[in-house]
Amino acid sequence: MEEQNLTAEQKKFLNECENEFKDRYTEKDSEFIKTKNMKKKDPPILDPWYSRNTRNDHRRDRRYSDKRYRHRYHGPYK
């Protein structure tokens, strides 16, 4: 927002905000420094980390072995 388009009230508010937050995220901001210097936590270890069986095990999927539906995936049943 350009300052020339601001009302007097908006300019006053902008100056107040600039003064209030001028030291934010600097060495003078104690909360920021505290957070910045915190020891980083190690990520959790998930065992086993994979969500599926690692083998290509299609035997569980009955649609590939059912004679009534075989033609949908492997051509007409003969």
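What counts, and at which threshold
- Residues numbered from 1 in each chain as written.
- Predicted model: local features only at pLDDT ≥ 70, side-chain atom pairs only at ≥ 80, totals over all residues.
- Heavy atoms only, no water.
- Helix = DSSP H or I, 4+ residues; strand = E, 2+ residues; numbered from the N terminus.
- Areas by Shrake-Rupley, 256 points an atom, 1.4 Å probe, with all protein chains shown as cover.
- Polar contact = N/O pair within 3.5 Å; in protein donor to acceptor, adjacent residues only side chain to side chain.
- Phe/Tyr/Trp six-rings, centres within 6.5 Å; stacked < 30°, edge-to-face > 60°.
- Buried < 20%, exposed > 50% of the residue type's maximum accessible area, 1.4 Å probe, protein only.
- pLDDT = per-residue confidence, 0-100.
- Lys, Arg positive; Asp, Glu negative; His and termini not counted.
- Salt bridge = Lys/Arg side-chain N within 4 Å of Asp/Glu carboxyl O.
- Contact = heavy atoms within 4.5 Å.

A.B. asks: When you look at the overall build of the protein chain in this model, what are you seeing that I'm missing?
C.D. replies: A tally of regular secondary structure across the protein chain gives three helices and zero strands. Going from N to C terminus, the protein chain has its helices and strands arranged as α-α-α. A total accessible area of about 8600 Å² is found for the protein chain, and carbon and sulfur atoms account for 50% of it.

A.B. asks: Help me understand the environment of Thr 35, please; the structure alone is not making it clear to me.
C.D. replies: Inspection of the secondary structure puts Thr 35 in helix α2 (residues 30-36). At 2.9 Å, the side chain of Thr 35 forms a polar contact with the backbone oxygen of Glu 31.

A.B. asks: Explain the packing of aromatic side chains here, please?
C.D. replies: In this structure the tally under the stated criterion is one aromatic pair. With a centroid separation of 5.5 Å and 85° between ring planes, the pair formed by Tyr 25 and Phe 32 is classed as edge-to-face. By relative accessible area, Tyr 25 is classed as exposed at 54%.

A.B. asks: Where do I start with unusual backbone geometry in this structure?
C.D. replies: Trans is the prevailing form of peptide bonds, just as negative phi is the prevailing case for residues other than glycine. Phi at Tyr 25 takes a positive value of approximately 60°, unusual for a residue other than glycine. You can see Tyr 25 is positioned in the loop between α1 (8-20) and α2.

A.B. asks: Mind showing me how you'd approach the confidence of the model for the protein chain here?
C.D. replies: Detailed reading of the predicted model is not advised wherever pLDDT is low. Of the residues in the protein chain, 58% have a pLDDT of 70 or more, and the chain-wide mean is 77. Here helix α3 (residues 70-74) stands out as the element of the protein chain with the lowest mean pLDDT, 58, in contrast to α1, whose mean of 96 is the highest.

A.B. asks: Looking at this model, I keep getting lost on the side chain of Asp 29. Mind explaining?
C.D. replies: As for its position among the elements, Asp 29 is in the loop between α1 and α2. No salt bridge is formed by the buried Asp 29; its nearest oppositely charged neighbour, Arg 24, is found at 5.0 Å. Looking at Asp 29, its side chain comes within polar contact range of the main-chain nitrogen of Tyr 25, at 3.2 Å. Those residues in contact with Asp 29 that lie beyond four places of it in its chain are Asp 23 and Arg 24.

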